Amino acid sequence: MNRTTAALLVATALACPAVLVAAGEPVNQTVIAEIKTEGFQHSSVMDTLSWLSDVYGPRLTGSAGLEKAAQWARDQLTRWGLERAALEPYGSIGRGWDLEHFSIAMTAPTYMRITGYPRAWSPATASPIAGTPVVVDVKSKDDFAKYHGKLRGLIVMNGRPAPEDIGFKPEAERYTDAQLKERESRIDPALHGPKSYWDEEDEFVKYLKDQTDVWKFFADEGVAALVSPSSIPEDVRVDGFYDREFHSPYPAFVFSREHYGRIMRMLDKKVPVTLSLDLAARLTDHVEGFNVVAEIPGTDPALKDQVVMLGGHFDSWHSGTGATDNGAGSAVAMEAVRILKAIGVKPRRTIRLALWTGEEEDYFGSVGYVQKHFADMETMALKPEHAKLAAYFNLDNGAGRIRGINLQGNEAARPIFEAWLEPFAYLGATTVTTANTGGTDHMPFDAVGLPGFQFIQDPLNYESRVHHSSLDVYEEAVPDDLKQASVIMASFVYDAAMRDEMLPRKPLPKPHKK
Ligand SMILES: [Zn+2]
């Protein structure tokens, strides 16, 4: 803490007893102001996002696009003055897939250009598949017998979506004060979130297994192609067709609900419909996974071996350009370290950025990193670096501004984060909640007892529209929100790098029993 700040804190504390808590956790207001000036008045975050989405998106794990994006990020970080920028390998991710061309249409009884996308890892078609589709409804094993032996060589449309309402609810929203208050008042971290990494993982593995059983059924039945309706209206959400073991012999497509519904209703009326499906894609065996890493080295001889990490996942799905999931979080994390370099901070601890890949498939990158650097997640055998990680801050819930932070049950961190958020109260970032949140890369850190945190972000239209959809594009990002998030992330990382102590930790988890 410099002298100006100390004086300021004392003055504020005297004038207003409410900030005494904040005064107990020193915050260097001079540096925070410099971070704000750089991040709000000289921002690069939207330019970075445009490179990551417009130029190098989408960034599907295992695709050539992802690798080019990562190389650009590494080089850009180096240009900004970060050190040791690299693509750090974490092992094989299985197969790679690059989309080269596709066309999908209804060709009879009239022509309709279909809004839809192939699922990633679909094999190419040797020539366009044309035919009259059949509509089935296979959700689980219980439905297999009904269709057994009846689907060979057919284009199968799976599912009978009910029409949605026409959209009386607003698509994009910000958290209301009441919603934030409700989050803040929770006392059970796991009430609306996962109990633990393993809880979430077990659930995901089961979901994947159930899905794979259905996909395998269609493979055994010898279908020509599989079509599913989009899970959201007016747009195409395409994800979840990845399995390390199951290599689909047929191509799969997702159609917009509206086009899928039209075809389904015509088939119900016995009107013959012809579909034409064509796909050119390149499958690659044994792609090596990597994370993008870069550092601002620490300067305090006693603390520089300790590390504060920030990041988010860098990979995306493939129908949009991955602008909000998670180009936004990646651009914000990159912007945070750019800001810190630009204002010339000399952090006591080392600040390390990590942009993960393989998150969408099952946290491949962050799990790989945690296992390599910190601990065996199963046995909880710790590595020396485990003792040196001060904290990890993750951003990956779309392009909404930061409204606060989830403690993941780490109550000892509450007064610290309250103090760190105080300079951003006027920008709506006030909520510190004990709640667990899952679904992203802080979870593997949490699994080995390291303080890993994900911020609370305004939802905007993330779930309703852009998440994993073809509208996950640059236009859906809100510039002021990303500037706000960048400045808060830079400040948190700076605060964590300068603090006398590392961040408090929860008790070490026990080894995981299968
Ligand atoms: Zn994501």
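Presented here is an overview of the structure given in this document. As the structure is a prediction and not an experimental result, all values here were calculated from the model.

Once that is clear, we can look at the overall build of the protein. When helices and strands are counted, the protein shows 16 helices and 15 strands. Compactness check: the protein gives a C-alpha radius of gyration of 24 Å against a globular reference of 24 Å for 514 residues, within 12% of the reference. Each principal axis of the C-alpha atoms in the protein carries an extent, and together these give about 80 × 50 × 45 Å. The buried share of the protein, taken over its 514 residues, is 59%. Counting only contacts in the protein whose residues sit at least 6 apart along the sequence, the fraction spanning at least 24 positions is 85%. Of the roughly 21,300 Å² of accessible surface on the protein, a fraction of 55% belongs to carbon and sulfur atoms. Put simply, the protein has 54 plus and 70 minus side-chain charges, and the middle of one group is 1 Å from the middle of the other.

Time to look at the coordination of the zinc ion. Only His313 (NE2), Asp325 (OD) and Asp396 (OD) from the protein reach the zinc ion as donors, at distances of 1.9 to 2.5 Å. Along the chain, the residues donating to the zinc ion are arranged with the sequence spacing H-x11-D-x70-D. In this pair, His313 is assigned in strand S10 (residues 307-313) and Asp325 in helix H10 (residues 323-342), connecting sequence segments 12 residues apart. With a relative accessible area of 2%, Asp325 lands in the buried category.

A few words now on the pairing of strand S12 (residues 389-394). Of all 6 residues making up S12, 6 are buried, and the element is well covered by its neighbours. Sheet topology places S10 next to S12; 5 bridges connect them, and they run parallel. Within S12, the residue paired with Met309 across the bridge is Tyr392. Note that S12 and strand S15 (residues 452-457) share 3 bridges and pair parallel. Bridging from a neighbouring strand, Phe393 pairs with Phe453 of S15.

Turning our eyes to something else, we now look at helix H12 (residues 364-373). Counting buried positions over the 10 residues of H12 gives 8, a clear majority of the element. Buried within H12 are the following residues: Phe364, Gly365, Ser366, Val367, Gly368, Tyr369, Val370 and His373.

Here Ala126 shows up in the loop between strand S3 (116-118) and strand S4 (129-131). As for Ala126 and Ala280, which are separated by 154 residues in sequence, their C-alpha atoms are 8.4 Å apart.

The rules behind the values
- Residues numbered from 1 in each chain as written.
- Predicted model: local features only at pLDDT ≥ 70, side-chain atom pairs only at ≥ 80, totals over all residues.
- Heavy atoms only, no water.
- Helix = DSSP H or I, 4+ residues; strand = E, 2+ residues; numbered from the N terminus.
- Rg over C-alpha atoms; globule rule 2.2 N^0.38 Å.
- Buried < 20%, exposed > 50% of the residue type's maximum accessible area, 1.4 Å probe, protein only.
- Contact = heavy atoms within 4.5 Å.
- Areas by Shrake-Rupley, 256 points an atom, 1.4 Å probe, with all protein chains shown as cover.
- Lys, Arg positive; Asp, Glu negative; His and termini not counted.
- Charge placed at Lys NZ, Arg CZ, Asp CG, Glu CD.
- Donors = N, O, S within 2.8 Å, 3.2 Å for Na, K, Ca; no water.
- Pairing = 2+ DSSP bridges.

In short, the description is geometric, and any link to function would need to be established separately.
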